[in-house]
Amino acid sequence: GRAEEEAREAAQEAELARRAQTNAELIAQAAARRQAVSELERKEAQVSAQLSRQAVLAEARRARRLEEERLMAEEKIKAITQPAHRAYEGRVAPQVANLVINTSRRGLLGTSEEKKVLAGVGAGFAGECVMFMPLEQTGLNVDRDELESLVIESDGHRAHAIYLSRGKPWIVGFAFGTGGVCAERAAGEQLGAYMPTLIAVRNGARLGLGDRLRNVNEAHFVFQRDRLSTDARGFLRYRAEGLRGTSDFAQYLVPGDQIVDLEGRFIGLAPEENMVVPIRSLSGWRKTGLTHVSAKNALAALGLPKE
């Protein structure tokens, strides 16, 4: 009847009201979530902006620190090299002499003459003044059967003997009397016994256009002893400072460099790039005389390796 109809309508209205309330609650919850998400995004944006600023500041601090380190390195190099260059002019340069190697060879087209001129520092060994060079720069590691004559001179004196190292890297020493300019040898077996600043005397054999464009010094190179380290064979390895480019940062040891200290005392030879062989004794080196014997027989007796 009528009462039942009214009851059903009341129930439907209650259900509609409940659903409206539920929808209102869902809408409110969605709005709250959107607000929470918006707040989170705002905070994330703030954090991101803060991190970006911190990254920019960190990069700026890093760039400033690197620039300060570069300037300090340049000042350190200047502090070392300026007095060392004066030491080179005063104590080392007067000991540098030319080594002149004159050869005469017989070939298919007749006899040819060749003259090599290398600069070096002779060092005293048991009553002889010996000047060392990488074998490949001397031109003596070729077919000696074609060799007709060999004359080696320095400072007006003729070499009377040749020494050959016991193995690679191959080094030859040209022995003269002690009448000419001859350097002392640096004392000590360990790196720490050497002066803090050393000089590489260039022999002029290995400087190409690229080296000259980078301002690699043609006469000498001043470097820090602490840039050297000793390898398993007892050779010294040079670690370049900075990037090769210009000025002091372009420098490195080239084959033929003779290493001396600020007093001009001889330490060793660089037969390869950035590598130094200390020469403290000629014990064990092969030796052959150049007087009263033909050049061919002398080199054969010495056992020079060929190219």
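Because the structure is predicted, anything quoted here is derived from the model rather than measured.

1. Examining the confidence of the model for the protein
Of the residues in the protein, 89% reach a pLDDT of 70 or more, and the chain-wide mean stands at 83. Throughout residues 244-250 the model reports pLDDT below 50, and contacts reaching past four residues in sequence, or to other chains, amount to 20 contacts.

2. Quick word on the packing of aromatic side chains
Under the criterion given, the structure shown has six aromatic pairs. Note on Phe132 and Trp285: the rings are 5.6 Å apart at their centroids and 65° apart in plane angle, and the pair reads as edge-to-face. Here the residue Phe132 occupies a position in strand β4 (residues 128-134), and Trp285 occupies one in the loop between β15 (275-278) and β16 (286-289), the gap between them amounting to 153 residues. Each member of the pair, Phe132 as well as Trp285, is classed as buried. Here the aromatic residues Phe125, Phe132, Phe266 and Trp285 are joined through ring pairs into a cluster of three or more. Between Arg185 and the ring centre of Phe125, over which it is positioned, the NZ or CZ distance is 4.4 Å.

3. A few points about unusual backbone geometry
Lys168 connects to Pro169 through a cis peptide bond whose omega is -5°. In this fold, Pro169 is placed in the loop between β7 (161-164) and β8 (171-176). One non-glycine residue, Asp155, lies in positive phi territory at about 55°. Looking at the secondary structure, you find Asp155 in the loop between β5 (147-154) and β6 (157-158). A positive phi angle, close to 60°, is found at Asn274, a residue other than glycine. Secondary-structure assignment places Asn274 in the loop between β14 (266-272) and β15.

4. Details of the nonpolar core
Among the nonpolar cores identified, the biggest contains 21 residues, and Leu99, Leu140, Leu150, Ile152, Ile162, Phe174 and Leu304 are the most heavily contacted of them. When contributions to this core are tallied by element, the ones reaching two or more residues are β1 (96-107), β4, β5, β7, β8 and α4 (295-302). Once residues lying within four places of it in the same chain are set aside, the contact partners of Leu99 are Lys116, Val117, Leu118, Met131, Met133, Ile152, Glu153, Ser154, Phe174 and Phe176. If you look at the next biggest cluster of nonpolar residues, it comprises 16 residues, including Ala123, Val130, Ala161 and Ile279.

5. Quick look at the state of the cysteines
The final tally for this structure, using the stated rule, is one disulfide. With a sulfur-sulfur separation of 2.4 Å, Cys129 is cross-linked through a disulfide to Cys182. Across the S-S bond linking Cys129 and Cys182, the dihedral sits near 110°, which makes this disulfide right-handed. Taken as a pair, Cys129 in strand β4 and Cys182 in the loop between β8 and β9 (197-201) lie far apart in primary sequence, 53 residues in all. A relative accessible area of 5% places Cys129 in the buried class.

6. As for the side chain of Glu128
Checked against the element boundaries, Glu128 lands in strand β4. Residue Glu128 is classed as buried on the basis of its relative accessible area of 9%. In terms of polar contacts, Glu128 uses its side chain to reach the side chain of Lys287, at 3.0 Å. When neighbours within four sequence positions are excluded, Glu128 is seen to be in contact with Ala123, His160, Tyr163, Ala175, Phe176, Thr178 and Lys287.

Criteria and cut-off values
Residues numbered from 1 in each chain as written. Predicted model: local features only at pLDDT ≥ 70, side-chain atom pairs only at ≥ 80, totals over all residues. Heavy atoms only, no water. pLDDT = per-residue confidence, 0-100. Contact = heavy atoms within 4.5 Å. Phe/Tyr/Trp six-rings, centres within 6.5 Å; stacked < 30°, edge-to-face > 60°. Helix = DSSP H or I, 4+ residues; strand = E, 2+ residues; numbered from the N terminus. Buried < 20%, exposed > 50% of the residue type's maximum accessible area, 1.4 Å probe, protein only. Lys NZ or Arg CZ within 6 Å of the ring centre and 35° of its normal. Core = buried A, V, L, I, M, F, W, Y, C linked by side-chain atoms within 4.5 Å. Disulfide = S-S within 2.5 Å. Polar contact = N/O pair within 3.5 Å; in protein donor to acceptor, adjacent residues only side chain to side chain.

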